[in-house]
Amino acid sequence: MGAILVTYKVFPEDIVKDFEPLKTEIIKILPETSKIDGWGEEPVAFGLVALLVQIRFPEDVSGVVDDFEVELGKIKGVSQVQTFQIRRTSRDY
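Heads up: these notes are all about the structure in this document. Here the structure is a predicted model, which means the values were calculated and not measured.

### Points about the overall build of the protein
Piece 1. Within the protein, the secondary structure is distributed over two helices and four strands.
Piece 2. Traced from its N-terminal end to its C-terminal end, the protein shows the element sequence β-α-β-β-α-β.
Piece 3. Since a compact globule built from 93 residues should have a radius of gyration of about 12 Å, the 13 Å found for the protein is in line with a globular shape.
Piece 4. Each principal axis of the C-alpha atoms in the protein carries an extent, and together these give about 40 × 20 × 20 Å.
Piece 5. Per-residue burial for the protein yields a buried fraction of 37% across its 93 residues.
Piece 6. In the form shown here, the protein has an accessible surface area of approximately 5600 Å², with 50% of it arising from carbon and sulfur atoms.

See the structure below:
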């Protein structure tokens, strides 16, 4: 069974110096069937930095990708979430 790798770009409402609290909130809402593959940061403009998070979802669970994106947008301090990249991998989940 393969997996779906999704990279989300999470925009904070304001300039953030430390993403650890936001990462903790993301981990709290992570579905049991999924795992975080990696984190990153991307400068946007005027000191604003977006948090990148790559999540590995099992490909045989429907709706989990969209549901997770909705939950990401509900986190306090998040202004916007963009699905940055979606790809399938044949690597075992």
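Now that the structure is up, let's keep going.
### Things to note about the side chain of Thr-89
Piece 1. Secondary-structure assignment places Thr-89 in strand β4 (residues 78–89).
Piece 2. Its relative accessible area of 14% is what places Thr-89 among the buried residues.
Piece 3. If sequence neighbours within four positions are ignored, Thr-89 has contacts with Gly-2, Ala-3, Leu-5 and Arg-56.

### Details of the pattern of salt bridges
Piece 1. Counting across every chain of the model gives six salt bridges.
Piece 2. Here Glu-42 ties to Lys-9 by a salt bridge, and the two come within 2.7 Å at their closest N and O atoms. Of this pair, Glu-42 sits in strand β2 (residues 35–45) while Lys-9 is found in strand β1 (residues 3–12), placing the two residues 33 residues apart along the sequence.

Definitions and limits used
Residues numbered from 1 in each chain as written. Predicted model: local features only at pLDDT ≥ 70, side-chain atom pairs only at ≥ 80, totals over all residues. Heavy atoms only, no water. Helix = DSSP H or I, 4+ residues; strand = E, 2+ residues; numbered from the N terminus. Rg over C-alpha atoms; globule rule 2.2 N^0.38 Å. Buried < 20%, exposed > 50% of the residue type's maximum accessible area, 1.4 Å probe, protein only. Areas by Shrake-Rupley, 256 points an atom, 1.4 Å probe, with all protein chains shown as cover. Contact = heavy atoms within 4.5 Å. Salt bridge = Lys/Arg side-chain N within 4 Å of Asp/Glu carboxyl O.

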